[in-house]
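Structural description and commentary
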Amino acid sequence: MTDLDPTQPPRPDPGPGTTPGALERAEQKTLLVPRRERDANLPAGTLLQEFRVERVLGVGGYSIVYLAHDTKLDRRVAIKEFLPATLAARTDGGEVAPRLPRFEAAYAKGLESFINEARLLGSLDHPALVKVYRFWQAGGTAYMVMPYYEGTTLKKWLADLGAPPSERWLRQLATPLIEALQVLHDQAIVHRDVAPDNIVLLVDRSAPNYLEQAPRPVLLDFGAARRVAAEATQQLTAILKTGYSPVEQYDQGHAMKPGPWSDIYSLAALLYAAAMGRPPGPSIARLVRDELVPASVAARGRYGPAFLAAVDAGRAVRPEQRPQTLAEFRAWLERPDAAEPDITLPVGEPAAAVDLALEPAPADAKPQTRWWYVAGALALGVLAWAVFGRG
């Protein structure tokens, strides 16, 4: 007799005299084994429905993405397989199963979120939103089939550019992203993962220089299933993007509710990072002490006042200080530069306490001192006239 379940990954051999606590610690160590060493990815040639796997495109914290060939329509596609590394593993029989019994509920919830996301993306249609052709469950997990996008991430594009892009280019980038997010918000859905590494820029390979092309962004997955896996294992760094996640996404007590303003923060932080060359600091740290120089100060002269004011408004730390809808954020972007709007800077002090001078005068400086110089100059002038003017 044996207590081994063939659907579960093999448990480590604790050796004689091992206590239950030591066994639990041994089980925990299995979570640290790299996925590649466990042969988690499907081998080339594997047939999933009518799709033949060619190679791995990417491995994330909760999924594996494959390049595959559609044997019916003779086209290349991308297939995402749900496989959260911290919760599940592939067994010798090829099935995907939770690593430990206590992960079963979290895995089932994550799998449900993955399927719901695939269903939602399949029902939506916008060129800046990733499209899902179809999805299904099999082998203890689920798959979604998407177009194979030839391009580069926005993160890599900005790194390759090596300099801040023009305002015109950033506006061309922001417009389709705002439209795509609006499609989601109309369905009462918050994306929660707007960041440079989650946006693909489609490129024309025949063009001489892809860095000079107008942006054609595609916003990728929501990360809803990743959030479930992260919460189950208390690895919140898997779902939070430093500099791009708003403070309400750090709040596990749900005192601050996410909403359209959450995606607005991430989008404004993205524009700030592109213009400044670095993202704003973590929002949770800025909530305590906000030392971030506003874009309207740091990039003055390089970008228009309306654009910079919109970025500053959108990346306000507290949710209630940001534009509450994408329509409001777009209105900020479209204000004429000749009429700079008053902005509420996201700082914890009254506006009067914010000194925007680049080189403020010393505290003991006395503005009246300059009048002594004026008076002295006048006295010298009178004396010179008295001496020389009468001769």
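Quick caveat, the model's predicted, so the values are computed rather than measured. (Residues numbered from 1 in each chain as written. Predicted model: local features only at pLDDT ≥ 70, side-chain atom pairs only at ≥ 80, totals over all residues. Heavy atoms only, no water.)

Right, let's get into the sheet that holds strand 9 (residues 151-153). Overall, antiparallel pairing links the three strands, which are arranged 9-10-11 in an open sheet. Only two strands of the sheet have a single partner each, and these edge strands are strand 9 and strand 11 (217-219). When the angles between neighbouring strand axes are averaged without regard to direction, this sheet yields 30°. Of the pairings in the sheet, the one linking strand 10 (residues 199-202) to strand 11 comprises three bridges and is antiparallel in character. Residue pairing for strand 11: Ile-199 is matched across the bridge by Leu-219. (Pairing = 2+ DSSP bridges. Helix = DSSP H or I, 4+ residues; strand = E, 2+ residues; numbered from the N terminus. Axes fitted to C-alpha atoms, helices over the stretch in contact; angles between N-to-C directions.)

Bringing the pattern of salt bridges into the picture now. According to the stated counting rule, one finds 15 salt bridges in the structure shown. Note that Asp-160 is salt-bridged to Lys-156, the shortest N-O span being 2.6 Å. Taken together, the residues Asp-160 and Lys-156, both in helix 3 (residues 154-161) and four residues apart, mark about one turn of the helix. Taking the relative accessible area as the measure of exposure, Asp-160 reaches 35% and is therefore partly exposed. As a salt-bridge pair, Arg-330 and Glu-179 come within 3.6 Å of each other at their nearest N and O atoms. Remark: Glu-179 occurs in helix 4 (residues 167-185) and Arg-330 occurs in helix 10 (residues 326-333); sequence separation between them is 151 residues. (Salt bridge = Lys/Arg side-chain N within 4 Å of Asp/Glu carboxyl O. Buried < 20%, exposed > 50% of the residue type's maximum accessible area, 1.4 Å probe, protein only.)

Here we come to the sheet that holds strand 7 (residues 134-138). Two orientations exist for strands paired in a sheet by backbone hydrogen bonds: parallel and antiparallel. Pairing in this open sheet of six strands is antiparallel, and the strands run 1-2-3-4-8-7 from one edge to the other. Edge strands, defined here as strands with exactly one partner in the open sheet, are strand 1 (47-48) and strand 7. Examined bridge by bridge, strand 4 (residues 75-82) and strand 8 (residues 141-147) share five bridges and lie antiparallel to one another. What sits directly across from Ile-79, in strand 8, is Val-145. In the packing of helix 2 (residues 104-123) onto the sheet, contacts are made with strand 4, strand 7 and strand 8, and the angle to strand 8 comes to roughly 25°. (Contact = heavy atoms within 4.5 Å.)

Grouped burial of nonpolar side chains is what soluble globular proteins tend to show. If you look at the biggest cluster of nonpolar residues, it comprises 85 residues, and the most contacted ones within it are Leu-170 and Phe-329. Here this core gets 12 residues from one element, more than from any other, and that element is helix 6 (residues 260-276). Discounting chain neighbours no more than four positions away, the residues touching Leu-170 are Pro-165, Leu-271, Ala-274, Ala-275, Tyr-303 and Phe-307. (Core = buried A, V, L, I, M, F, W, Y, C linked by side-chain atoms within 4.5 Å.)

Burial in helix 10 covers these residues: Leu-326, Phe-329, Trp-332 and Leu-333. Down the axis of helix 10, the smallest arc covering the buried residues is 115°, so these residues share one side. The inward-facing, buried residues of helix 10 contact helix 4, helix 6 and helix 9 (305-314). (Arc of directions from axis to C-beta.)

Right, let's talk about unusual backbone geometry for a bit. At Gln-49, a position not held by glycine, the phi torsion is positive, near 55°. You can see Gln-49 is positioned in the loop between strand 1 and strand 2 (51-59). Accessibility expressed as a relative area gives 44% for Gln-49, which makes it partly exposed.

Turning next to the packing of aromatic side chains. Applying the stated rule across the entire model yields seven aromatic pairs. Seen in terms of ring centroids, Phe-51 and Trp-136 are 6.0 Å apart; in terms of plane orientation they differ by 5°. Their pairing is stacked. Of the two residues, Phe-51 is situated in strand 2 and Trp-136 in strand 7; the sequence distance between them amounts to 85 residues. What makes Trp-136 buried here is its relative accessible area of 10%. With centroids separated by 6.3 Å and ring planes inclined at 65°, the aromatic side chains of Tyr-62 and Phe-82 adopt a geometry described as edge-to-face. Residue Tyr-62 is located in the loop between strand 2 and strand 3 (63-70), and its partner Phe-82 is located in strand 4; the two are separated by 20 residues in the primary sequence. For the pair shown, Tyr-62 and Phe-82 are each scored as buried. (Phe/Tyr/Trp six-rings, centres within 6.5 Å; stacked < 30°, edge-to-face > 60°.)

Worth remembering: the numbers are spatial, not functional.
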